[in-house]
Amino acid sequence: MDGLMYRRILVPLEHSSYDRVILDHVRRLATLCQSSIVLIHVADGWAARNQLSLKLRESEEMRLDRDYIEQVCASLRAEGFDTESVLAAGDPASEIAGAADREGCDLIAMATHGHKGIQDLLYGTTANGVRHRTMVPVLMVRGPVGGRPR
């Protein structure tokens, strides 16, 4: 081990205004720790969840998601960060936790919406699901109040 705390940071993106918040935070952390960054977006629409089993073509949603995550990846590379991107499909919490293991990440850094009470039940809690499915440390950064999920 070279003494760096976080060598590889997994950053789930949701293609929304919350991404800017976590990316701003991760840029500083990755610079400080000399970390590489792995971006992941989990497409979770019906077509994405059933693409492999039903041998479906990539949906328009997945094409837009792929373009988005590749654009963010290219932007970070242009800033000098060692960055990769992964487009996954299925249950976001399971896919994020699995990617952290597969990609050898030692931190998951994600934005949270900060829902409370009934909103948690209505909108889901991906961050909570991730922290229950992984042994990798999870850094949760609160997104803007009134931010817009996609």
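Residues numbered from 1 in each chain as written. Predicted model: local features only at pLDDT ≥ 70, side-chain atom pairs only at ≥ 80, totals over all residues. Heavy atoms only, no water.

Asks: What is the right way to look at the sheet that holds strand 4 (residues 107-112) in this model?
Replies: As a general point, the strands of a sheet are linked pairwise by backbone hydrogen bonds and lie either parallel or antiparallel. The five strands are arranged 3-2-1-4-5 in an open sheet whose pairing can be described as parallel. Of all strands in the sheet, those with a lone pairing partner are strand 3 (83-89) and strand 5 (138-142), marking the two edges. On average, each strand axis in the sheet is inclined to that of its neighbour by 25 degrees, with strand direction left out of account. As judged from the five bridges shared by strand 4 and strand 5, these two strands associate in the parallel manner. Residue Ala111 lies in a different strand from strand 5, and its bridge partner there is Val141. Set on the sheet, helix 1 (residues 18-33) makes contact with strand 1 (8-12), strand 2 (36-43), strand 4 and strand 5; between it and strand 4 the angle comes to about 145 degrees. (Pairing = 2+ DSSP bridges. Helix = DSSP H or I, 4+ residues; strand = E, 2+ residues; numbered from the N terminus. Axes fitted to C-alpha atoms, helices over the stretch in contact; angles between N-to-C directions. Contact = heavy atoms within 4.5 Å.)

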